[in-house]
Every structure is written in structure tokens, then in C-alpha cells.
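Reading the structure
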Amino acid sequence: MAKHIRKVGVLGSGVMGSAIAAHFANVGIPSLVLDIAADNGDPYSIVNGAVKTMSKSRPSPLYTTDRLSLIETGTFDEDSARISECDWVIEVVKEDMKIKKLVLGNIAEHINDDAWLTSNTSGLSLQEMSDALPENLRPRFLGTHFFNPPRYMKLLELIPTKDTDPEVLAELEHFGRDILGKGIVLAKDTPNFIANRIGVHAMMVTMNVMQEMGLSVEEVDALTGPAMARPKTATFKLADLVGLDTFVHVADNVYEAAVDDEARELFISPEFLKNMVANNLLGRKSGGGFYKMVKEPKKHVLTLDLETLEFREKQKAKFPEIDQAKQIDDPAERIRVMVGGKGRGSEAVWKMLSPSLSYSAMRLGEICDEASAIDRAICWGFNWEFGPFEVWDILGFRKTTERMREDGLALPEWVDKLYASGAENIYSDGMVPTATGEMIPIPVDPRDTNFNILHKNNLIRSNPSSSLLDMGDGIYLLEFHSKMNALGQDHIQMIMTACTEAENNAQGLVLSNPAENFSAGANLMMILMEAMEGNYDDLNMIVKAFQGATDRLEFCNVPVVTAPHALTLGGGCEVTMGGNAVRAAAETYIGLVEFGAGVIPAGGGCVRVYRNNVARLHEKKDLFPALKTTFETIGTAKVATSAAEAVDFNFLKPGDSWSVNNDHRAADAKQICLAMAEAGFQPPVPDQAIPVMGREGVGLCESVLYNMEQSGWISEHDHKIGGYLARVLSGGDIPGPTTITHEHMLDLEREYFLKLCGERKSMERMESLLKRGKPLRN
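The following paragraphs examine the structure supplied in this document. In this text, all values refer to a predicted model and were calculated from it rather than measured experimentally.

Cut-offs used in this document
For every chain, the first residue of the written sequence is number 1, and numbering continues from 1 onward in sequence order. Given that the model is predicted, a residue must reach a pLDDT of at least 70 before its local features are reported, and side-chain atom pairs must reach 80 or more before they are shown or counted; all residues, however, enter totals for whole chains, interfaces and linings. Each side-chain value is derived from all of the structure's non-hydrogen atoms; neither hydrogens nor water enter the calculation. Secondary structure elements are defined from DSSP: runs of H or I of at least 4 residues count as helices, runs of E of at least 2 residues count as strands, and each element is numbered from the N terminus. Polar contacts, as used here, are pairs of N or O atoms within 3.5 Å; protein pairs need one atom able to donate a hydrogen and one able to accept it. Residues neighboring in sequence count only if both atoms are side-chain atoms. Residue contacts follow a heavy-atom distance rule, with two residues in contact if any of their heavy atoms lie within 4.5 Å. The classification of residues rests on relative accessible area computed with a 1.4 Å probe and restricted to protein chains. Under 20% of the type maximum is buried, over 50% is exposed, and intermediate values are partly exposed. Being paired, for any two strands, means DSSP has found at least two bridges between them. When the strands point away from the viewer and the connection leading from the first strand across the helix to the second strand turns clockwise, the crossover is called right-handed. Grouping buried Ala, Val, Leu, Ile, Met, Phe, Trp, Tyr and Cys residues that are joined through side-chain atoms within 4.5 Å yields what is termed a nonpolar core. Pairing of aromatic rings covers Phe, Tyr and Trp, the last counted by its six-membered ring, and requires centre-to-centre distances within 6.5 Å; plane angles under 30 degrees mean stacked, over 60 mean edge-to-face, and any other angle means tilted. By definition here, charges over rings are those cases where NZ of Lys or CZ of Arg is within 6 Å of the ring centre and within 35 degrees of the ring normal. Patch membership requires over 30% relative accessible area and the absence of a salt bridge. Like charges are linked within 9 Å, and nonpolar side chains (Val, Leu, Ile, Met, Phe, Trp, Tyr) within 5 Å. Residue burial considers only the protein chains on display, and all accessible areas are found by Shrake-Rupley using a 1.4 Å probe. Note on definitions: salt bridges are taken to be side-chain nitrogens of Lys or Arg within 4 Å of carboxyl oxygens of Asp or Glu.

**Focus on the side chain of Ser467**
In this fold, Ser467 is placed in strand β15 (residues 466–472). A polar atom in the side chain of Ser467 sits 3.0 Å from the side chain of Ser462. Here the side chain of Ser467 touches His481 through a polar contact of 2.7 Å, side chain to side chain. Aside from chain neighbours lying at most four places away, what touches Ser467 is His455, Leu459, Arg461, Ser462, Leu477, Leu478, Glu479 and His481.

Here it is in C-alpha cells:
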């Protein structure tokens, strides 16, 4: 069980210190942030200014800005004694050993007898820091390397010293995973630990290959991005994001400290990188690095010429391997295509990749104990889809090992031993190798739902877009698994089937999936094609079926818990709201965005958001606040940037909850579903008396729309869409105030959705989204 942390002390209010305090605030834990006193004026201006800046930062380090109230501030001079209030103290000062030891030494006397003390360092020796602490504090001291920004980056490396109490390490591991939502990797106290050691090496190899083969900046990023199952930031966009001065510092740290590293010379920064730092071309923080955004004559990106250090027009990279990879959805197959080709691109990819595989293998035992730790650190810290050893297996362990031997790359004894055993993979039957060649079980989080195992052993029903699975304990699981989980008729059919199966054979139903996004919305291409062909009867039936599916979820005879995550837009939002309870991922970006496609929500989104807003009214006689809020939320296509904000926007109800660790979301939803069933769940009934304003509400909204159009804020077509939305939310062309049924408001949703589908300008908006991925304001 994780230790109960009532308050956290954060030593240092810089970018990282403030962001760590913000993430503790996200999970409801107060913090005390200390920094040096300002030389002039208000002594608290440094620390208060840092905390205040967080409310304006984008992306925000906070789920909602009201969580700032959980962060207290102080100075080292005046408030160090207050550290005794804290159960965990995290030092986050400058990455300088002398300064860190000074701060830790000064604060040590104030730390209470049970508190943890950790240093957030990206690569300095934790043992050296520990040796400078009082002996009684050393067992409660270790390294905690949060990746920036802490709210969004999953990786937390824990680095114990020889003095760290194993029980403290275990408690902190549980707390980091279960409360902070982190992916925990145990690292050894070596330079740059795991992720930065392997990741920075890969970037340095890439820069060397670029120079050797005469590749451009754009070509390198094209070869090391999504085509290789890595983020769009690839290599040089990532360096710009991190900051080139920071990147060089991390590389220098390895060179200086890892004197026995066979690849040590690779960590010497190339001349062009040194020149960029010297000329303050540090990336985004300085306004430009490898790339620079300019706004004149129109917004576009320039690329740095590494010879002249002058910016030039961006050039498109052209490789047939990338063109082929773009047609492949399976990321593993994309990697095989990129590495296995005969062209210049594949040659470059192999030269960049193979030294990274070799280096990862050589570091096993030095930086961590087992191979999956390296893969998890890289995937969680650099957002790669696959770590080095997973890529090795994708390419074929034996074939890749043979090719690396032919190239003369260093390989450790454990690889030779595994090869000699006849092994076909590094990972085998849930086992993974250590540096001695011993195979041990892969560490497993017991609350992480393994969808692959459920598909193998517990599949109930399936179609090309969805599957119904048995989670055990009487709870069924409905999973969407189409591209972007864009909702179509297969999904609707499986929702209906899942509800019936759950009613007949289970205690409850959970909707969850492990895809990148829960659902990007309805299948817009299908809607556009039906509209362009004038198949309005068919479109009417499809929309009515979707409304029926979201109603089936809400009025099912067993509890239904929806568990969204990441992008949950349009129809995905409507499916989410159909559940009796929601257990979202904390990082859920949810909203009704149909307005951008020239239509209004028609899967129950209008009725459910309006109903949620009415439920929050203190005085039901005045409906205008509920109408106004719903009208603005849908009419401006608001998207909540966290599950907490989704409650504020009324996409989620006040009783809904979220999992900070996304891996726990499905299991947490299952527990909620079980609790509802055991409590004697009774389904709701369709509302027969939804209060609406009638024509008065329409008139109020129309006056707002008229003024906005006259002022140039919206177009004539925006006005038309807004007018139709007002009619739905007000109950149609009827006197008011009055009440209407749930079914009547669904009919209004569908009526005005179909009218808008017949509008040329709405079709143009759909087409723009499909072709360019951008909304058209016509």
C-alpha cells in the first residue's frame, strides 16, 4: 500500500519545480514551494512569480487553474522550518552538484523523522549527495527523475543509493505509479540513468550519420519520426523542444562521467551544435534552433542551414521508403519497411538504428537490471512506440544480430548466449533477459488490463470495428478498435449487442480501449458521402440508430461505465455521456466539436449536456443560465483539456471520476461497475419533463447571433448553425417555458442535423476537415 502523503515540499521554483508542485496539486496534494529570496523588493517575488506563471502556461501544468490554491510558497531564509510539515521533500534546484549538496545540507535538519527526501536530477550522482547527508536521513533518500512536463510525461525514474531503505523505495514506487500516475522504472546510479543515456546516444548517432551521408535536417526528421513509430518531433524538433543548451549539457555529462563507455566519443557535440549554442540558437526558448516559426508574409516554418547558421525555406524530404511506410497502419510493419529497403533512406535508418540497439544491449546490467526497463524508459520518456529491444524483435532477433555482427558492432555476452541458445526473440513467453542471460518475468502492473490476453482467452463477440470481452467477475468490456475509432455502423451494432449480452449474462458493462484515442468522433467521410448523394433517409436511419445506441447505454438494465481517454470528440463524447458513470483518464480531451464540421451534435450530445447544466441550477425557474452555458459550450466547440475540466464543462457529472494512471483506467472502471451492481443498480428512465424556454430561448440566442454576425465575429452560415442549435436546446418552435420529453429533444437534434447536412456550406466544412484537417469558416 502506498504511503499517505499529506503535503509535499518542493525546493526550487524553476520550470521543473513549479511543474512538479502543479502535478501534486492535480492529484489533490498540497505543497510548499521554497526558493531564494529576491535581492530587491518583495522577497517572495521569485517563487510567487514562478507559481503565478503556471496559470498562463500552455500546455497547462494544471488540470484546472483553481488547483493553484493547493500550492503555498516561501523562501529558504524565512520558511525552511516549515519543511517539517511535509511527508516528501523534493529538491529541484539547478543541475549543479555543489548547489544541490548545499541546499540538501541546509534543509536536512528540518525534515521530519518519517519523510522521504529525493533529488530530481537528470544525471548527477545520487550516492555523492547521499554521502553528504546525515546518516539517519540516508535510508530515506533517493533520486526521482521526473520527465518534463511532469503532468504529461509518463516516465519517473527512481534511483536508489546503496543506503536507500528497500521499503522506502517500494513505497515510493507504489505512490508514483498509483497516485501520481507514473510509469516507474528503477535505474542504477549511473550518468544520465536510463532514458537520457539511451535516448541522447541515439540522437548523437543520428547527427553523426547526418554528417556522414550529407542528409538535411528535414530528411533526418522524416526518417526518425512516425515512419519509425516515433513522435512527429523526431530528432531535431525534439532538440528544439528540449533546448539545445540542455541537450548539450546532458551529452557532456555522459562524456565526463562515463569514462569506460565504449561509445564515449559519440557524446562529444558536433561543431555545428556547439556553434548553434554559442549563437543562442537554442530552440523554442530562444525563438529558433533547427527550426524557426515566422509569421510574415504568412505563418510558416524555416529551417536552419547548419553551414551558414542562416534560416532558409523548409524543404520536403523525399524517400520512397517513407512514401511506402505512410500507407501502412501497423507501426511494426512500418519499421520493417523502413529498415528493409534498398534505398538511401533505409541505409540511413539502419546506420542510425543499429548502433542504438548495440548500445542498449551493452548498457544492460550497468544502467538497469533487465531489458524491459530500457524499453519502458525510452517509450515513456521519449514517446517511442517501441523500445530498442522491442524493435530488435520486430526486425527479427537472429537476423538483426547477424547483420550487426557483420557490421562489427559491439554486442555483449548475454546477446551471444541468447543467440547460441537458438532463441528467436529477446522477449519470450512473458520473460525477458538480464545482463547474465538469465530470463526473468517481465514486471507487470496488476492494475494494467491486458487487452491482448482478453482477446486470446475471453472474446465473446467481435466485428471489424469492435469486440466484446469478458473482464471477469461478471463484468463485460466493449472495446473499439477501428482507425481513430471513428464511429460507424459496426460500433453501433456492437453497442446494442454488448448491452443485451451484459443484461443476459453479466453484472455490468465497461467501455474502454487501449488505442491512442478513445474516439475521434463519428465517421465523417460516411456522413459526407451520404449527404452528397442525397441519401437523407439512410442518413436519418443511421443517426437514429446512433441515438438509440447512446440511449441503450444509459437505460441498460445493468450498470454501464464508460472509460474515455485522450481524444474523445463528437460522437465519442456522446458515447461517453451515455454511460451511467464515467471513469476517465485524467488526460481526456473531450468535447462536442460538430460545429466545426457545419452540423450540431445528434447522438444525444445536446440533450445530455443541457440536462447536466439544468441539474446544476440552484433555481429551476430561470433556465437561461443552463441554455446559455450549453449554447456556448456546443456553439464554440469547447474541448476540455482534462477530465477535471470536463466536469466544469458538464461533459462529465460531478460524481464522475478519473484515473491519473491511464493504464489503470479499465480496471478502475470495472471496480466502479462492480460496486454499482452490488449496490442494487436500477437503470434510469428517459426524462419525460425536460424544462425548456421555448421561443423565448430561441429569441435570446438569435439576438446574440445577430450581433455577432453584424460585428464580423461569425459568418452567415455560423448564424444558421447557431440558430438551429438554439431551437434544439429551447425545445423547438413552442411557447415556453414548458417541458419536453427526452425523445422529443433527440428528434430535434436529428431534424436539424439532417437539415445542415443538406447545406452546401456544411458539406464544404466536412470536406475541409477530411482533406486538410482544418476547419473552414465559410
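Back to the write-up after that little detour.
**Thoughts on the pairing of strand β2 (residues 31–35)**
Counting buried positions along β2 gives five out of five residues, so the element sits mostly inside the fold. By the bridge criterion, four bridges tie strand β1 (residues 8–11) to β2 in an arrangement that is parallel. Its bridge partner being in β2, Val8 is matched across the sheet by Ser31. Once the chain exits β1 it traverses helix α1 (residues 15–26) before rejoining the sheet at β2, and the crossover so formed is right-handed. Pairing geometry for β2 and strand β3 (residues 71–75), over five bridges, is parallel.

**So, the sheet that holds strand β24 (residues 639–640)**
The strand order across the open sheet built from three strands is β21-β23-β24, with neighbouring strands paired in mixed fashion. A strand with exactly one partner marks an edge of an open sheet, and here the two such strands are β21 (566–569) and β24. Bridging between strand β23 (residues 588–591) and β24 involves two bridges; their strand directions are antiparallel. Its bridge partner lying in β24, Gly591 is registered against Val639.

**Looking at the nonpolar core**
Grouped burial of nonpolar side chains is what soluble globular proteins tend to show. Grouped together as the largest cluster of nonpolar side chains are 111 residues, with contacts concentrated most on Ile83, Leu215, Leu223, Phe290, Ile335, Phe389 and Trp392. Ranked by the residues each element gives to this core, the list is headed by helix α7 (residues 195–213), at eleven residues. Residues in contact with Ile83, not counting those within four places in the same chain, are Gly9, Leu11, Leu32, Leu34, Val89, Ile107, His110 and Ile111. In terms of nonpolar packing, the next biggest core, distinct from the first, is built from 60 residues, Cys573, Ala584, Ile721 and Leu754 among them.

**Notes on the packing of aromatic side chains**
Overall, the coordinates contain 14 aromatic pairs when judged by the stated rule. Ring plane angle 80° and centroid distance 5.8 Å describe the contact between Trp88 and Phe175, whose orientation is recorded as edge-to-face. Residue Trp88 is located in strand β4 (residues 88–91), and its partner Phe175 is located in helix α6 (residues 166–178); the two are separated by 87 residues in the primary sequence. Each member of the pair Trp88 and Phe175 is classed as buried. Ring centres 6.2 Å apart and planes at 80° place the aromatic pair Trp116 and Phe175 in the edge-to-face group. Of the two residues, Trp116 is situated in strand β5 (residues 116–119) and Phe175 in helix α6; the sequence distance between them amounts to 59 residues. Here Trp116 matches Phe175 in class, with each residue buried. In this arrangement the basic side chain of Arg363 is found over the ring face of Tyr359, its NZ or CZ atom lying 4.7 Å from the centre.

**Quick look at a nonpolar patch on the surface**
On the surface, a nonpolar cluster with roughly 370 Å² of combined accessible area is contributed by Met525, Met529, Met532 and Leu770. With respect to the element layout, Met525 can be found in helix α21 (residues 524–532). Accessibility expressed as a relative area gives 43% for Met525, which makes it partly exposed.

**Brief notes about unusual backbone geometry**
Backbone torsion omega between Asn148 and Pro149 reads 0°, so that peptide bond is classified as cis. Along the polypeptide, Pro149 turns up in the loop between β6 (141–146) and β7 (155–160). The phi dihedral of Asn192 is positive, around 65°, even though this residue is not glycine. Position of Asn192 relative to the elements: it lies in the loop between β8 (183–186) and α7. Overall, the relative accessible area of 1% leaves Asn192 in the buried class. Even without being glycine, Asn280 reaches a positive phi, approximately 60°. Here Asn280 shows up in the loop between α11 (271–278) and β9 (291–294). Using a relative accessible area of 47% as the deciding quantity, one classes Asn280 as partly exposed.

These figures come from the coordinates and say nothing about function on their own.
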